[in-house]
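Working through the structure, step by step
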Amino acid sequence: MSQDSMIRAATVAGWVWLGMFGVALAQQTASWQLRDHLPIEQFTLQAHRGAGELSEENTLEAFELGWSLNCIPEADVRTTKDGVIVAFHDANFARVAKDVTPELAKQGVKDLTLDQLRQLDVGSWKGSDFENRQTPTLAEVFALMRKDRSRRLYLDWKDADLPQLAALVKKEDVESQVIFASTLYPKLQEWMRLSPHSQTLLWMRGDDAKLEKRFDELRATDFADVTQLQIHVHLTKPADQVKRTDINPFKETDAFLIARGEELRKRGILYQTLPYGGASEVIYLKLLDLGFMSFATDHPHITWNAVNEHYAE
């Protein structure tokens, strides 16, 4: 074979390879485009635990910041020893409470009365700008929501009596503004019987096989009582190394994530994700390419930048 023939053959082989790569890439990108179907004004961005990494978590100040960033804050729901429902994430005080004794660090919201809980500084762990922040009651959070009916709130169930929680939501007149969230499907079903005018979010994580089992459970009930569904995705490499054109940059495969989005959209269920392993605009753009319709995020600014870029395209 002459040198020219070898060059032509190599060139053809290169184009064939690029064509095959292009087909493979296209197969890993959802044909459905969010910006063609949902106005950006209706895009839902959940601010994890209030305002993500921009603030301490689960305080009135964090929720106010989340709302100011055009997000729906998430509150973690627990009950004090004297039966008051509050916003607090952890099962104990070791991480977020300042200057607690080793014994108290092992205890949690259920072991303290509201007055005792109010004595704990749950903001200083984040920095000096957040000193002396207190754990709020959900009634206090709901009062802020009544002042602005555009404000909504995710209620991530941790430890609370559902009839008591539903009664509080109705008493405070915020039923249509809350989204009840849990990884336990029966809890969502119970909640919808108690509060039929609110919404729900079922969140889940695992590899493709585990997630498929969760979906089988939902298919058996025709996805009853689920209005939003969130899948946690996990990066397989550092965030700064991820490219938008990467195939399968998450432990959960592109093909699986695309297929689940198509299935949920046919049922009118909002398809949300929470990525773990780092954050960049490219990561959120990649997830939008896979067909996700909403994000939960610890990085509201980065996420909104990516969403705006996606819509600008």
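Residues numbered from 1 in each chain as written. Predicted model: local features only at pLDDT ≥ 70, side-chain atom pairs only at ≥ 80, totals over all residues. Heavy atoms only, no water.

For the chain, an unreviewed UniProt entry supplies the name Glycerophosphoryl diester phosphodiesterase and the organism Blastopirellula retiformator.

Here's the deal with the packing of aromatic side chains
Enumeration over the complete set of coordinates arrives at nine aromatic pairs. Aromatic side chains Phe215 and Phe256 sit 6.5 Å apart centroid to centroid with 85 degrees between the ring planes, which places their arrangement in the edge-to-face category. Note that Phe215 is positioned in helix 8 (residues 208-219) and Phe256 in helix 9 (residues 254-266), a separation of 41 residues in sequence. According to the relative accessible area criterion, Phe215 is buried, its value standing at 0%. For Phe256, a relative accessible area of 9% gives the class buried. Following the ring pairs from residue to residue traces out a cluster consisting of Phe43, Tyr284, Phe295 and Trp304. Taking the ring centre of Phe215 as reference, the NZ or CZ of Arg260 above it sits at 5.5 Å. The ring of Phe256 carries Arg260 above its face, with NZ or CZ at 5.0 Å from the centroid. (Phe/Tyr/Trp six-rings, centres within 6.5 Å; stacked < 30°, edge-to-face > 60°. Helix = DSSP H or I, 4+ residues; strand = E, 2+ residues; numbered from the N terminus. Buried < 20%, exposed > 50% of the residue type's maximum accessible area, 1.4 Å probe, protein only. Lys NZ or Arg CZ within 6 Å of the ring centre and 35° of its normal.)

A look at empty space enclosed by the protein
For the structure on display, the rule yields one cavity of 30 Å³ or more. Of the residues contributing to the lining of the largest cavity, the split by class is three nonpolar, two polar and three charged. (1 Å grid on protein atoms, 1.4 Å probe; cavity = no way out; pocket = protein on both sides within 12 Å on 5 of 7 lines; lining within 4 Å. Points joined across faces, edges and corners; volume = space filled by probe spheres on them. Nonpolar A, V, L, I, M, F, W, Y, C, P; charged D, E, K, R; others polar.)

Things to note about the packing of helix 8 against helix 9
One way to put it is that helix 8 packs onto helix 9 with a least axis distance of 12 Å and a crossing angle of 15 degrees. In this view, helix 8 runs roughly parallel relative to helix 9, as classed from their interaxial angle. Classified by chirality, the crossing of helix 9 by helix 8 is left-handed. Residue-level inspection shows Asp208, Leu211, Glu212, Phe215 and Arg219 of helix 8 in contact with helix 9, the latter providing Phe256, Arg260, Glu263 and Leu264. (Axes fitted to C-alpha atoms, helices over the stretch in contact; angles between N-to-C directions. Parallel < 35°, antiparallel > 145°, perpendicular 65-115°, else oblique. Left-handed = near helix turned anticlockwise from the far one by under 90°. Contact = heavy atoms within 4.5 Å.)

A few points about helix 5 (residues 138-146)
Buried within helix 5 are the following residues: Leu138, Val141, Phe142, Leu144 and Met145. Along the long axis of helix 5, the arc covered by the buried residues comes to 155 degrees, so they all point the same way. For helix 5, the secondary structure elements touched by its buried residues are helix 2 (60-68), strand 2 (72-79), strand 3 (85-87), strand 4 (153-159), helix 6 (162-171) and strand 5 (178-182). (Arc of directions from axis to C-beta.)

Re the nonpolar core
Leu138, Phe142 and Leu229 are the most contacted members of the largest nonpolar core, which has 70 residues in total. Ignoring sequence-local partners within four residues, the contact set of Leu229 consists of Leu202, Met204, Phe215, Leu218, Leu264, Ile269, Leu270, Tyr271 and Gln272. Grouped together as the second largest cluster of nonpolar side chains are twelve residues, Val109, Leu112, Leu114 and Leu120 included. (Core = buried A, V, L, I, M, F, W, Y, C linked by side-chain atoms within 4.5 Å.)

What about the layout of surface pockets?
Roughly 270 Å³ of internal volume is contained in the largest pocket. Lining the largest pocket we find 19 residues, and of these His48, Gly52, Glu53, Asp298 and His299 sit closest to its centre. No other element matches strand 8 (residues 270-276), which puts three residues into the lining of the largest pocket. Taken together, the residues of the lining of the largest pocket break down into six nonpolar, seven polar and six charged. Considered as a void within the structure, the second largest pocket measures approximately 220 Å³ in volume. Lining the second largest pocket are 14 residues; nearest its centre among them are Asn70, Cys71, Ile72, Ser150 and Arg152. Its residues assigned to classes, the lining of the second largest pocket shows six nonpolar, four polar and four charged.

Let's talk about the pattern of salt bridges
Enumeration over the complete set of coordinates arrives at 25 salt bridges. Ionic pairing is found between Asp216 and Arg219, a salt bridge with its closest N-O pair at 2.6 Å. Of this pair, Asp216 and Arg219 both sit in helix 8, three residues apart, which is roughly one turn of the helix. Judged by its relative accessible area of 42%, Asp216 is partly exposed. As a salt-bridge pair, Arg267 and Asp222 come within 2.4 Å of each other at their nearest N and O atoms. Taken together, the residues span a long stretch of sequence, with Arg267 in the loop between helix 9 and strand 8 and Asp222 in the loop between helix 8 and strand 7 (228-234) at a distance of 45 residues. Residue class for Asp222 comes out exposed when judged on its relative accessible area of 52%. Among the charged side chains, a salt-bridge network with shared partners connects Glu212, Asp216, Arg219, Arg260 and Glu263. (Salt bridge = Lys/Arg side-chain N within 4 Å of Asp/Glu carboxyl O.)

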